[in-house]
Amino acid sequence: MDNRDAIGSWLSGPRAAAEEMGVSGYGYRGERLGLPESGPGSVAPLGRRFGALFIDWALSALIAFGLLAGRQIHSTNNWALVVFLVMSLLTVGTIGSTPGKRLLGLRVVDVNGLGKLPLWRTAVRTVLLGLAIPALVWDRDNRGLHDRLSSAVQVRI
């Protein structure tokens, strides 16, 4: 093997390197979970998830600024995190999606039965989401560690 081949496979990512070695079974996102490849019930795309996060954070910051931070910009973000976590716990725990997720056609469901997440698992997911790091570690189905540990998946409605 030429050094350039090794560097090329490294730059191409783990999927390309695994395919070169004969490993198959990567499939599409959500295939291992029994989800459809596209359309309703498929794994939510990253762009929509980031968009929903932006909408939810903006709404949380607006609520924090107007109601909790005394209209002082320097303390708004601390309160916005509290509002964001409470909003996530209440809305995902009851209807399965935050306002941002609902606007962008997403929902958080139980990966096993594809129903609403039980409240205790929603609480675990919310605490991990508040820590931020678990949300930044993803698997090949684009599920964050917070979703994996709470047996949840974000899907299209």
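The present account deals with the structure reproduced in this document.

Calculation rules
Residue numbers here run from 1 along each chain, matching the order of that chain's written sequence. Only residues with pLDDT of at least 70 get local features here, since the model is predicted, and only at 80 or more are side-chain atom pairs given and counted; chain-wide, interface and lining totals rely on the full set of residues. Just so you know, side-chain values use all the structure's heavy atoms and leave hydrogens and water out. Only protein chains enter the accessibility calculation, which uses a 1.4 Å probe; a residue whose area is less than 20% of its type maximum is buried, one above 50% is exposed, and one in between is partly exposed. Runs of H or I in DSSP of at least four residues are treated as helices and runs of E of at least two as strands, each being numbered from the N terminus. In this analysis, strands are considered paired if DSSP registers two or more bridges between them. Think of a nonpolar core as a cluster: buried Ala, Val, Leu, Ile, Met, Phe, Trp, Tyr and Cys residues, connected wherever their side-chain atoms sit within 4.5 Å. Residues count as neighbours in contact if any of their non-hydrogen atoms are within 4.5 Å of one another. Classification of ring pairs rests on two measures: the distance between centres of Phe, Tyr or Trp rings, Trp counted by its six-membered ring, which must be within 6.5 Å, and the angle between planes, read as stacked under 30 degrees, edge-to-face over 60 and tilted in between.

Topic: the pairing of strand β2 (residues 152-156)
When you tally the buried positions in β2, you get 4 out of 5 residues, the bulk of the element. As defined by bridge partners, strand β1 (residues 106-110) adjoins β2 across 5 bridges and the pair is classed as antiparallel. Across the sheet, residue Val-109 finds its bridge partner in β2, namely Val-153.

What about the nonpolar core?
Counting residues in each nonpolar core, the largest one holds 6 residues, listed as Leu-35, Val-43, Val-109, Val-111, Val-153 and Val-155. The contacts of Val-111, once residues within four sequence positions are left out, are Leu-33, Arg-143, Ser-151, Ala-152 and Val-153.

With respect to the packing of aromatic side chains
Within this structure, the stated rule accounts for 2 aromatic pairs. Taken together, a centroid distance of 5.8 Å and an interplanar angle of 55 degrees make the contact between Trp-57 and Phe-84 tilted. One end of the pair, Trp-57, is in helix α3 (residues 46-68); the other, Phe-84, is in helix α4 (residues 76-94), and 27 residues separate them in sequence. On the accessibility criterion, Trp-57 (31% relative accessible area) is partly exposed.

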